[in-house]
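As a plain string of letters, each chain reads:
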Amino acid sequence: MTARRHPLLPVAVCLSGGILCDRWVGLPFLAWLAAGLAAAVLWMALFTLRRSRAAAAVLLIGFVAAGGARHHAAWSTAASDDVSLFLAETARPVRLTARVVSAPEVRLPSADSMRSAWPRPPITTCVLSCRSIHTANGRVETSGRARLRVSGILDAVEVGDEVEVRGWIGPPPGPQNPGEFDYRKYLRRQGIRSVVYAGHPAAVTRVGSATGLWIDRPLARLRERWRGDLEATLDERTAGIAAALLLGDRTEMTDQVRDSFAESGMMHVLAVSGLHVGILAVLVWFVCRSADAPIVATSLIVIGVTVLYALIAGGRPPVVRAAVVVTVWMAGRPWYRQAPPLNVLAAAVLVVLAWRPTDLFDTGAQLSFLAVGGILWWHSLAPRRRNSVALPEGAFASARRRLVSAIASGYGLSAAIWVLTAPVIASSFQLVSPVGLVINVLLIPLVTLVLWAGFAFLVASIVLPPVAGILALVVDVGLGWLLGVVDAASSLDLGHRYVSGPAAWWLAGFYAALVLTLLPRTLMPALTPLRRGVVVGVWVVAGLGMGFSDVRPSGLRCTVLSVGHGLAVLVEFPNGRTLLVDTGALDDGRRAAKVVRGALLDYGRSHIDAVVITHADLDHFNGVPDLVDEVPVGTVCVARSFLDLRQSEVERVCETVVRSDIPLRFVARGDRLPLDDAALVRVLHPPEDERFESDNANSVVLSIEYAGRRLLLCGDLEEDGLDAFLSAPPTPADVLLAPHHGSRAANTPELAAWARPRFVVASRGRTTAPVDLAAVYGPSAHVYSTDRDGAVTILIAADGRLTCEPYTGRAASRE
């Protein structure tokens, strides 16, 4: 490998290095600019003096500066009139004029009654380019991009329209819990620093149409037509998958289907990427050459179709990368010239990062380039593979041997890609799917057939509708088979595992070690192949040990997670065992389950020893079925009053627990949960022989004592149940989980006098909670609310020191 043969490779490396330096160090823009100008002047001088090597080194330094400056401009700077400068810490009313710059996407709510306590409206989202904002001082010109979120279906607006929005504007929400996806950072990578909320489609008024050349509008209309054709001709179960597979539109897919593809290691099939672009390019090439089209015309058609498809699919980094690769390769075909693969890959890196330098930190972009790196790595071993295997005479004349050889090569290629991409997937999604190694190769012919039939269907639906019906049948049947295999693979016990992903430093060391294995022997003669293999092996084993082993806290840790109006409390004991109290949310129980799983993995946990469901309100247990399917659970504890089988949701929880072979235990006042010899976990309510009228009054109340400290977890206790509970002798608590999400009716002066808590935590979605509770519990109590403070973590050290830490940055309290 030489710089002469791959001149763009060092340029791409240096540009990426500059972007990394700016993200980690954060130099001022002027510093990067000065460094770039100095490098340019010095390069010109050295070039004039014919100092070629020195000039090349200085030029590469200039590309480092260019990468840093480009990233700084995209990530750290905003125009003086950017709409984000008008934001407050919380959302505030706004009247905004803007241009719609992305096609509105509608996400329909789930019909599952377990997901939400009430029907939720569809949500429409799109991106706005802001023009002006109306303030108390009048209309002010603005710039910048904002994400619009509308409750309802916004069907009267298209790309390019100018709209006026009346609603609320605020900063994008950041993560509220350990291990939670950072939505704010995700939008910032796209240059979006504001979110506009509209409560109804009528709050968005179209005030002008597109002017000039808006290619996005006809492309959006074409995409919408094709999506409608897929919905009209395919089965309801496969239409959403087809839209994701062919158009990159995943709005119609259910979370269950997404999870099945992720857990089976087939998620790359749903995300339009190089696989799809490559299969399309091969199809177009084959059709053109079969029609005796000249090679120049064929190359131009392949390039044109590839670029058009990249635009229709949304121009995501993996698609852009694949489009650049196809374009470069096809451009040389008429002259029978083939660019070096690494040089082509470097060209794709330069195009992607020049357009949006923050894509270097996009997981999809990283996986896309790593997958290509795996392909090149495998093919670089091809001569060694041929020389190391002695085949009998005429072996490849046999069709059977050819098939075996092709399958073996496919598995080798799949393994090379898996080795390079698995660490990033584990780090970003906390998931390892070894089953994907088995089924990926076997499903490639089926996926290729479905994609070819799907692309042909899209064309035929416009030019030859009668043929489209036959092609739709092929797509429908093929996707049915694909979904069946994916569901079966995701259900295998050893097929996948959610893990605590490796740290960034481990990832850096892993890929550095891989680079060492690829360096020529002449550069590092002391590192023999055996030694290089040992370095990689030791690093991998160390990473596996960290990812699969549970971490014990130095004391007791109790985390009240932020799930909106609902409850999920994770308690970790000194001996490494875990207790979960409730998992539910009023608006989305599945999100509550994901929050719990993310926190578990972030804390280095792989299972839950006991789950206590306090009572039969949906916002306290509607995430349990999803959680049980994803995380090993030892025991589920409920009061007898929970078994109100007239509620279908309660029946479903019981069926899920029984199907998963999890013991179901009844608890009542006086029972103890033997989780740790150093901690005492007691049930204080409800009594065994008494049942109250409401579910809330029957809530399970837990007392957790450790190192002379006491936590009191009250569920939704109120009304006559609260009166009965307070009839017992007072039990002072250091930390009180405010009953019924901090409501006035449940948090009475009598409870405050009975418990005398030093810390009060409310799990709820209203920002008025801290004020209400402070009035009840007095100025000496530290009051926290998950809607304002995010997850609240209580740490009790072995010597009794207590610390209460909110996740969102508010100062911690200690005693």
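Predicted, not measured: the structure shown is a model, and the values here were computed from it. Position labels on residues start from 1 in each chain and follow its written sequence. Two thresholds apply to this predicted model, a pLDDT of at least 70 for residue-level local features and 80 or more for giving and counting side-chain atom pairs, whereas whole-chain, interface and lining totals are computed over all residues. Only hydrogens and water are set aside when side-chain values are computed; all heavy atoms of the structure are taken into account.

Details of the side chain of Thr614
Runs of H or I in DSSP of at least four residues are treated as helices and runs of E of at least two as strands, each being numbered from the N terminus. Note on placement: Thr614 falls in the loop between strand S14 (608-613) and helix H21 (618-621). Polar contacts, as used here, are pairs of N or O atoms within 3.5 Å; protein pairs need one atom able to donate a hydrogen and one able to accept it. Residues neighboring in sequence count only if both atoms are side-chain atoms. At a separation of 2.7 Å, a polar atom in the side chain of Thr614 contacts the side chain of Asp582. In what follows, a contact means two residues having at least one pair of non-hydrogen atoms within 4.5 Å. Apart from residues no more than four positions distant in its own chain, Thr614 is found in contact with Val581, Asp582, His620, Asn698, Ser699, Val700 and Gly715.

Details of the pattern of salt bridges
A pair is scored as a salt bridge if a Lys or Arg side-chain nitrogen falls within 4 Å of a carboxyl oxygen belonging to Asp or Glu. The full count for this structure, using the stated rule, is 31 salt bridges. Among the ionic pairs, Arg227 bridges to Glu231, the shortest N-O distance being 3.0 Å. Taken together, the residues Arg227 and Glu231, both in helix H5 (residues 216-233) and 4 residues apart, mark about one turn of the helix. Residue class for Arg227 comes out buried when judged on its relative accessible area of 14%. With a shortest N-O distance of 1.8 Å, Arg590 and Asp259 are connected by a salt bridge. Exposed residues in this analysis have more than 50% of their type's maximum accessible area, buried residues have under 20%, and partly exposed residues fall in between, with area computed by a 1.4 Å probe over protein chains only.

Focus: the confidence of the model for the protein
Note on scores: pLDDT gives the predictor's confidence for each residue, bounded by 0 and 100. Mean pLDDT over the protein works out to 87, with 92% of the residues at or above the 70 mark. Note on residues 386-391: pLDDT under 50 across the span, and 1 contact to partners over four residues away in sequence or across chains.

A few points about the sheet that holds strand S15 (residues 633-638)
What the 9 strands build is an open sheet, ordered S16-S15-S14-S13-S12-S11-S23-S24-S25; its pairing is mixed. Whereas interior strands pair on both sides, the edge strands pair on one side only; in this sheet they are strand S16 (664-666) and strand S25 (813-814). Strands were regarded as paired on the criterion that DSSP finds at least two bridges between them. In the sheet, strand S12 (residues 566-572) pairs with strand S13 (residues 578-585) via 6 bridges, with the strands oriented antiparallel. Looking at the pairing, Val571 lines up with Leu579 of S13.

Quick look at the packing of aromatic side chains
Two rings from Phe, Tyr or Trp (for Trp, the six-membered ring) form a pair when their centres sit within 6.5 Å of each other. Planes less than 30 degrees apart are called stacked, planes more than 60 degrees apart edge-to-face, and all others tilted. Here the structure, examined in full by the defined rule, presents 8 aromatic pairs. Seen from their ring centres, Phe181 and Tyr186 are 5.7 Å apart, and the 55 degrees between their planes marks the pair as tilted. Taking the relative accessible area as the measure of exposure, Tyr186 reaches 30% and is therefore partly exposed. Here Phe510 and Tyr511 contribute two aromatic rings whose centre-to-centre distance is 5.0 Å and whose plane-to-plane angle is 75 degrees, an arrangement assigned as edge-to-face.

Examining the pairing of strand S17 (residues 679-685)
Where burial is concerned, most of S17 is hidden: 5 out of the 7 residues are buried. When S17 meets strand S18 (residues 701-706), the two strands line up antiparallel, connected through 6 bridges. Within S18, the residue paired with Val681 across the bridge is Ile704.

Considerations on the nonpolar core
Buried Ala, Val, Leu, Ile, Met, Phe, Trp, Tyr and Cys residues form a nonpolar core when they are joined through side-chain atoms within 4.5 Å. In terms of nonpolar packing, the biggest core is built from 59 residues, with Leu230, Phe261, Met266, Phe455, Leu479 and Leu482 touching the most fellow members. The greatest single-element share of this core, amounting to 12 residues, is contributed by helix H16 (residues 435-463).

Some words on the packing of helix H11 (residues 317-332) against helix H12 (residues 341-355)
Interaxial distance between H11 and H12 falls to 9 Å at its minimum, and their mutual angle equals 135 degrees. Relative to H12, the element H11 is oriented oblique. Of the two elements, H11 crosses H12, and the hand of that crossing is right-handed. Contacts between H11 and H12 involve Pro317, Val320, Arg321, Val324, Val325, Val328 and Trp329 on the former and, on the latter, Val344, Leu345, Ala347, Ala348, Val351 and Val352. To obtain each axis, a line is fitted to C-alpha atoms, and for helices this fit is confined to the stretch in contact; angles are then taken between N-to-C directions over 0 to 180 degrees. An angle below 35 degrees is treated as roughly parallel, one above 145 as roughly antiparallel, one from 65 to 115 as roughly perpendicular, and anything else as oblique. We call a crossing left-handed when the near helix sits turned anticlockwise from the far one by less than a right angle, and right-handed when that turn is clockwise.

With respect to the sheet that holds strand S19 (residues 709-713)
Reading across from one edge, S17-S18-S19-S20-S21-S22 is the order of the 6 strands in this open sheet, with mixed pairing throughout. Two strands in the sheet have a free side with no partner beyond their single neighbour: S17 and strand S22 (782-785). Going from strand to strand, the sheet's axes swing by 15 degrees on average, the running direction of each strand aside.

Focus: the environment of His615
Considering the arrangement of structural elements, one finds His615 in the loop between S14 and H21. With relative accessibility at 1%, the residue His615 sits in the buried group. Each C-alpha atom of the pair His615 and Trp539 lies 47 Å from the other, and the pair is 76 residues apart in sequence. Excluding residues that lie within four positions of it along the chain, His615 makes contacts with His620, Phe621, Phe642, Asp695, Asn696, Ser699 and Asp716.

Observations concerning the pairing of S12
Among the 7 residues of S12, 7 are classified as buried, and the element is accordingly described as predominantly covered. Residues Gly566, Ala568, Leu570 and Glu572 line one face of S12 and the alternating positions Leu567, Val569 and Val571 line the opposite face, and both faces are buried. Looking at chain direction, strand S11 (residues 556-560) and S12 are connected through 4 bridges and run antiparallel. Residue pairing for S12: Thr559 is matched across the bridge by Leu570.

A closer look at a nonpolar patch on the surface
A cluster of nonpolar residues, Val459, Ile462, Val463, Leu464 and Val467, forms a patch on the protein surface that exposes about 410 Å² of accessible area. Of all the elements, H16 adds the most residues to the nonpolar patch, at 3 residues. Inspection of the secondary structure puts Leu464 in the loop between H16 and helix H17 (465-490). Judged by relative accessible area, Leu464 falls into the partly exposed class, the value being 44%. Any residue with relative accessible area above 30% and no salt bridge may belong to a patch, with like charges joined within 9 Å and the nonpolar Val, Leu, Ile, Met, Phe, Trp and Tyr side chains within 5 Å. Calculation of accessible area relied on Shrake-Rupley with a 1.4 Å probe; when residues are assessed, cover is drawn exclusively from the protein chains displayed.

Side note on the packing of H5 against helix H10 (residues 295-312)
Two quantities define a packed helix pair, namely the angle between the helix axes and the distance between the axes. Axis separation between H5 and H10 bottoms out at 10 Å; the angle between their running directions is 80 degrees. When the axis of H5 is compared with that of H10, the two are roughly perpendicular. Packed against H5, whose contacting residues are Leu219, Leu222, Arg223 and Trp226, the element H10 presents Leu308, Leu311 and Ile312 at the interface.

Considerations on H17
Counted at 1.5 Å a residue, the expected span for H17 with its 26 residues is 38 Å, and the 36 Å between its end C-alpha atoms agrees. Those residues of H17 lying buried are Ala468, Leu471, Ala472, Val475, Gly478, Leu479, Gly480, Leu482, Leu483, Val486, Ala489 and Ser490. Here the buried face of H17 lies against H5, helix H6 (236-247), helix H7 (255-263), helix H8 (267-270) and H16. Here a helix's expected span is defined as the number of its residues, less one, multiplied by 1.5 Å.

Description of the state of the cysteines
Our working definition of a disulfide is a cysteine sulfur pair at a distance within 2.5 Å. This model, assessed by the stated rule, comprises 0 disulfides. Left unpaired, Cys21 is separated from the closest cysteine sulfur, that of Cys14, by 10 Å. Cys637 takes part in no disulfide bond, and the closest cysteine sulfur to it belongs to Cys654, at a distance of 13 Å.

Considerations on a negative patch on the surface
The charged-residue count follows a simple rule in which Lys and Arg add positive charge and Asp and Glu add negative charge, with His and chain termini not counted at all. Throughout, a charge is located at the NZ atom of Lys, the CZ atom of Arg, the CG atom of Asp or the CD atom of Glu. Side chains of Asp689, Glu690, Glu693, Glu719, Asp720, Asp723 and Glu750 sit close together on the surface and give a patch of like negative charge. Taking relative accessible area as the criterion, Glu693 reaches 81% and is therefore assigned exposed.

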